[in-house]
Amino acid sequence: MKKLILLAIFALSLTLSSCDQQNKEDIDDQKLQAENQVEENINQQIKNEKEIEDEKETESEDSIVLEDKDGNPVSLADYKGKKTFVEFWASWCPICLTGLEQLDQLSKNASDYNIVSVVSPGLLGEMPKDEFIEWFDDLGHENIEVIFDTNGEFIDEFNIRSTPTNVFLNSDGDVEKVLPGQMPEEMIKEILAEFE
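Residues numbered from 1 in each chain as written. Predicted model: local features only at pLDDT ≥ 70, side-chain atom pairs only at ≥ 80, totals over all residues. Heavy atoms only, no water.

Under an unreviewed UniProt entry, the name given to the chain is Redoxin family protein, and the source organism is Anaerococcus martiniensis.

See the structure below:
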C-alpha cells in the first residue's frame, strides 16, 4: 500500500511538474510575443515619424512662394524633373556682380539642369522690386532667370547668411547642398554631376 501511495504521489508530482513546465513555457511565449509587439510598434513609430519629417521638409521647400518679375507665383517644385542650381545674390554685392557673366553663360548652355537666381527685393539691403527689374534689365544678361523672394521665405528656409549662396537641388527637388560664396563654373558642374 505504501508503494502504491508513493507511486501515486510520484505520478501526481510528475503531472504537476509537467503542468508547471507547460505554464512556464506559455508565459515565456506570451512575454516574447509582447516584447516583439512592443519592438514592432516602436519601429513603426520611428518609421512614421521619419516619413512625417521627410514630408514636412518637402512641403516646406515646395511651399516657398517666390514670384517672377511679372508677379506670377513660382515654387521650387516647378523645377522638379531636372537638377537645379539656385544662386541667391544681391545687387549691392560686388562678388555677385562679377559672377553674373558666368551665370549668364551657364544659363545659356544649360541643357540637363536648371539655372535659377533668387534675389530678395526690399530685404537685406536689396532695392525694391521695380527698381531692381529696371536696373537688371539695363545690364543686358538675357539668359539669367531671376525670381523674387519678396517675403524672406527662401532666406529663412535655406538659412541664408551671405551672398552669394548656392543651393543644389536634385531632380526630385530635394536639397543636396547649400554652399556660400562665389563658385567657379567647373565646380558648379562637378557638384551637379554628383547626384541625379
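### Considering unusual backbone geometry
Cis geometry is adopted by the peptide bond preceding P164, which originates at T163 and carries an omega value of -10°. By the secondary structure assignment, P164 is in the loop between α5 (153-157) and β6 (165-169). In the Ramachandran plot, L124 falls in the positive-phi region, its phi being about 55° despite a non-glycine side chain. Within the secondary structure layout, L124 lies in the loop between β4 (113-119) and α4 (129-139). Notably, N159 is not glycine yet its phi reads approximately 50°, a positive angle. (Helix = DSSP H or I, 4+ residues; strand = E, 2+ residues; numbered from the N terminus.)

### Some thoughts on the nonpolar core
By size, the foremost hydrophobic cluster in this structure holds 24 residues, and its most contacted members are F85, W89, F132, V146, F168, I188 and L192. Among the elements of the structure, α3 (100-109), β4, α4, β5 (146-148) and α6 (185-193) are those that each provide at least two residues to this core. In terms of nonpolar packing, the next biggest core, distinct from the first, is built from 16 residues, V74, Y79, V86 and I147 among them. (Core = buried A, V, L, I, M, F, W, Y, C linked by side-chain atoms within 4.5 Å. Buried < 20%, exposed > 50% of the residue type's maximum accessible area, 1.4 Å probe, protein only.)

### As for the packing of aromatic side chains
With the rule as written, the count across this model stands at nine aromatic pairs. Relative to W135, the ring of W89 has its centre 6.3 Å away and its plane inclined at 40°; by these criteria the two rings are tilted. Here the residue W89 occupies a position in the loop between β3 (83-88) and α2 (94-98), and W135 occupies one in helix α4, the gap between them amounting to 46 residues. Ring plane angle 50° and centroid distance 4.7 Å describe the contact between F154 and F158, whose orientation is recorded as tilted. (Phe/Tyr/Trp six-rings, centres within 6.5 Å; stacked < 30°, edge-to-face > 60°.)

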